[in-house]
Structure formats: structure tokens, C-alpha cells
Amino acid sequence: MCFQTGGVLRLRGIGPGLVTADPRELVDMNYEAAVQDIAFLHPGTVTVTITRGERIDVITVVVNA
């Protein structure tokens, strides 16, 4: 996926603590009511990992300025 700086990836229907982003310093993450928002703060490549039981999904996001 590609996002501009300031873009937000919203994941709905997800439990708390099931989503990580690496490197963490490129994003701001907020969780509320089964919704995880990931705002992309700086250009770079971010790996978003979603873990649900034994299933692991990975989304690679390229963030442009």
C-alpha cells in the first residue's frame, strides 16, 4: 500500500494489542472500541502486523512525503 504523510490506516473489528507497526517512530497508533488507527507521520516503509490467534497478516506501507 502507499500513503502520503498524514494518511491513516483504519482497522475495524480488531482486539486491543493485536496490531504492531515497525518502525514505531514513523507512526502514531490509537486504539478505541475495536478500531485501530495508524497515522503515518514520516516518509519511509512501515510494516504493519496483525496477529489473530495463529494467523498473522502483514501489510507493507510505503509512506511518501
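Residues numbered from 1 in each chain as written. Predicted model: local features only at pLDDT ≥ 70, side-chain atom pairs only at ≥ 80, totals over all residues. Heavy atoms only, no water.

Side note on the pairing of strand E3 (residues 19-22)
Covered by surrounding structure in E3 are Val 19 and Ala 21 only, the residues Thr 20 and Asp 22 on the alternate face being uncovered. One ladder, built from four bridges, connects E3 with strand E6 (residues 44-52); its direction is antiparallel. Its bridge partner lying in E6, Val 19 is registered against Ile 50. (Buried < 20%, exposed > 50% of the residue type's maximum accessible area, 1.4 Å probe, protein only. Helix = DSSP H or I, 4+ residues; strand = E, 2+ residues; numbered from the N terminus. Pairing = 2+ DSSP bridges.)

Looking at the packing of aromatic side chains
Counted according to the given criterion, the structure contains one aromatic pair. Ring geometry for Phe 3 and Phe 40: centres 5.1 Å apart, planes at 35 degrees, overall tilted. Of this pair, Phe 3 sits in strand E1 (residues 2-4) while Phe 40 sits in strand E5 (residues 35-40), and the two are 37 residues apart along the sequence. The burial state of Phe 3 is the same as that of Phe 40; both residues are buried. (Phe/Tyr/Trp six-rings, centres within 6.5 Å; stacked < 30°, edge-to-face > 60°.)

Some remarks on the pattern of salt bridges
Under the definition given, this model contains two salt bridges. As a salt-bridge pair, Asp 57 and Arg 55 come within 3.0 Å of each other at their nearest N and O atoms. (Salt bridge = Lys/Arg side-chain N within 4 Å of Asp/Glu carboxyl O.)

Examining the sheet that holds E1
Strand order across the open sheet formed by four strands is E1-E7-E6-E3, with mixed pairing between neighbours. Across the chains shown, the open sheet's two edge strands, defined by having one partner strand only, are E1 and E3. The sheet shows a mean angle of 30 degrees between the axes of neighbouring strands, direction not considered. Where E1 and strand E7 (residues 55-64) come together, three bridges link them in parallel fashion. Note on E7: the bridge partner recorded for Cys 2 is Val 62. (Axes fitted to C-alpha atoms, helices over the stretch in contact; angles between N-to-C directions.)

Side note on the sheet that holds strand E4 (residues 27-32)
Strand order in this open sheet of three strands is E2-E5-E4, and the pairing throughout is antiparallel. Looking at which strands have only one partner, the edges of the open sheet turn out to be strand E2 (8-12) and E4. Within the sheet, the average angular offset between the axes of one strand and its neighbour, ignoring direction, is 15 degrees. As judged from the six bridges shared by E4 and E5, these two strands associate in the antiparallel manner. Bridge pairing links Asp 28 to Ala 39 in E5.

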